[in-house]
Amino acid sequence: MAIQKVMVIGAGQMGSGIAQVCAQSGYDVILNDIKQEFLDRGIQVITQNLSRDVEKGRKSEEEKVATLSRITQSLDIKDAVDVDIIIEAATENMDIKQSIFREIDAIAPKDAILATNTSSLPITEIAAVTERPEQVIGMHFMNPVPVMKLVEIIRGLATTDEVYKAVEDMTVTLAKTPVEVNDFPGFVSNRILMPMINEAIYTLYEGVASKEAIDSVMKLGMNHPMGPLTLADFIGLDTCLSIMEILYEGFGDSKYRPCPLLRKYVAAGWLGKKSGRGFYVYD
């Protein structure tokens, strides 16, 4: 299954990063979103990332120009008519993702692979709304995509070995490390990471220590590059809450119950760095 042409759906933080790594690895990329302003913002982020690489000597100006030339902007999902793989990176919401997969299933070539960058939703459930569940797979990139090496590859119940191998091979060409993971809520990364973040929030909620103290303990004592509360702010508290709710619903285990303080912050619009305030205040 030769992959040459890629469509990335969603030009946000994850989608623009996926488009960048695909384009700089030689793939022709269609970056699709529902509004031109979202595409403009995504292309701006990609351009800034590549310019930084040029400044630091990691890429030449020619490589930057070549990468950008391989990315085509799209406002029409019907542009998926001749691609080899579609990587969906839309909002982490099952209804939205299933709606997109129904649509692209009807448009994309019959042998095209349909991949989702979901961080926690069941691949099998997404695949079930298509006529090709054997060609649906999870490709969970880490944020920031251009920097982080891991891609969790998640088979759905029906995903074939051939599709898995094609996606694994593509991941290697992106200079990423593919890791095979089974289809369980949160996969490996978020099933381990999010309860740790949630427990850190409980520690703050219960008055065990200040936010600075909690982060310092994990940085200095556990050698984490950033504390869990800072990390939550960078991920987005709404995203953290969404993943905890998926884990809680998926396993029915009280250990995954989202902390009431996390719910309160999200209800207040304190979503972390992207909103200017979460556990910390950002200018």
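Residues numbered from 1 in each chain as written. Predicted model: local features only at pLDDT ≥ 70, side-chain atom pairs only at ≥ 80, totals over all residues. Heavy atoms only, no water.

By the naming in an unreviewed UniProt entry, the protein is 3-hydroxybutyryl-CoA dehydrogenase, taken from Ureibacillus manganicus DSM 26584. For the record of the protein, the UniProt heading Pathway (unreviewed entry) holds the text "Lipid metabolism; butanoate metabolism." Looking at the Sequence similarities (unreviewed entry) heading of the UniProt record, one finds this comment for the protein: "Belongs to the 3-hydroxyacyl-CoA dehydrogenase family." (UniProt positions renumbered as here; feature names shortened; annotations may be inferred.)

**Student:** Is there a simple way to think about the overall build of the protein in this case?
**Tutor:** Along its length, the protein carries eleven helices and eight strands. What you see for the protein is a C-alpha radius of gyration of 19 Å, in line with the 19 Å of a compact globule of 283 residues. Each of the three principal axes of the protein carries a C-alpha extent, and together these read 55 × 45 × 30 Å. Within the protein, contacts between residues at least 6 apart in sequence are counted, and of these 66% link residues at least 24 apart. When the accessible surface of the protein is split by element, carbon and sulfur atoms take 52% of a total near 13500 Å². (Helix = DSSP H or I, 4+ residues; strand = E, 2+ residues; numbered from the N terminus. Rg over C-alpha atoms; globule rule 2.2 N^0.38 Å. Contact = heavy atoms within 4.5 Å. Areas by Shrake-Rupley, 256 points an atom, 1.4 Å probe, with all protein chains shown as cover.)

**Student:** Would you mind showing me how to read the domain arrangement of the protein here?
**Tutor:** Buried accessible area, meaning the area lost when the parts come together, often serves as the stated size of an interface. Taken domain by domain, the protein comprises domain 1 (5-182) and domain 2 (191-273). Each of domain 1 and domain 2 was reduced to a C-alpha centroid, and the two centroids are 27 Å apart. (Domains from an automatic or database assignment.)

**Student:** Is there a simple way to explain the UniProt feature "site: Important for catalytic activity" (unreviewed entry) in the protein in this structure?
**Tutor:** Look at the UniProt record and you will see "site: Important for catalytic activity" (unreviewed entry) annotated at H140. The topology assignment puts H140 in strand β6 (residues 136-141). When its relative accessible area of 5% is taken as the criterion, H140 is described as buried. Reaching out from H140, the side chain makes a polar contact with the side chain of E152 at a distance of 2.8 Å. (Buried < 20%, exposed > 50% of the residue type's maximum accessible area, 1.4 Å probe, protein only. Polar contact = N/O pair within 3.5 Å; in protein donor to acceptor, adjacent residues only side chain to side chain.)

**Student:** For this particular structure, what's the right way to read the sheet that holds strand β1 (residues 5-9)?
**Tutor:** Either a parallel or an antiparallel arrangement is found when strands of a sheet pair, and the pairing is made through backbone hydrogen bonds. Overall, mixed pairing links the eight strands, which are arranged β3-β2-β1-β4-β5-β6-β7-β8 in an open sheet. Across the chains shown, the open sheet's two edge strands, defined by having one partner strand only, are β3 (71-74) and β8 (177-181). Averaged over all neighbouring strand pairs, the angle between strand axes comes to 25°, with direction disregarded. Strand contacts of helix α6 (residues 161-173): β1, β4 (85-88), β5 (113-116), β6, β7 (150-155) and β8, with the helix running at about 175° to β7, the strand carrying the most contacts. (Pairing = 2+ DSSP bridges. Axes fitted to C-alpha atoms, helices over the stretch in contact; angles between N-to-C directions.)

**Student:** Would you take a moment to explain the packing of aromatic side chains for this structure?
**Tutor:** How two aromatic rings sit relative to each other is given by the distance of their centres and the angle of their planes. A complete count under the given rule lists five aromatic pairs for this structure. Their ring planes at 90° and their centres at 6.4 Å tell us that F234 and Y282 sit as a pair that is edge-to-face. Remark: Y282 occurs in the segment after α11 (260-267) and F234 occurs in helix α9 (residues 228-235); sequence separation between them is 48 residues. Measuring from centroid to centroid gives 5.1 Å for Y265 and W270, while their planes differ by 80°, and the two rings are edge-to-face. Judged by its relative accessible area of 16%, Y265 is buried. Taken together, the aromatic side chains of Y265, W270 and F279 make up a single cluster linked through ring pairs. For the cation-ring pair, R155 lies above Y164, with the distance from its terminal atom to the ring centre recorded as 4.5 Å. We note R277 situated over the ring of W270; from NZ or CZ to the ring centre the distance is 3.8 Å. (Phe/Tyr/Trp six-rings, centres within 6.5 Å; stacked < 30°, edge-to-face > 60°. Lys NZ or Arg CZ within 6 Å of the ring centre and 35° of its normal.)

**Student:** Where do I start with the environment of E152 in this structure?
**Tutor:** By secondary structure assignment, the location of E152 is in strand β7. Judged by relative accessible area, which is 2%, E152 ranks as buried. Separated by 129 residues in sequence, E152 and V281 have C-alpha atoms that sit 32 Å apart. Excluding residues that lie within four positions of it along the chain, E152 makes contacts with G138, M139, H140, M142, V179, V181, F187, V188 and S189. Among the polar contacts listed, one links the side chain of E152 to the side chain of S189, at a separation of 2.7 Å.

**Student:** Teacher, can you tell me more about unusual backbone geometry here?
**Tutor:** Backbone geometry follows two general trends: most residues other than glycine have a negative phi, and most peptide bonds adopt the trans configuration. In this chain, N143 is followed by P144 through a cis amide linkage whose omega measures 0°. Within the chain, A175 stands out as a residue other than glycine whose phi angle is a positive 65°.

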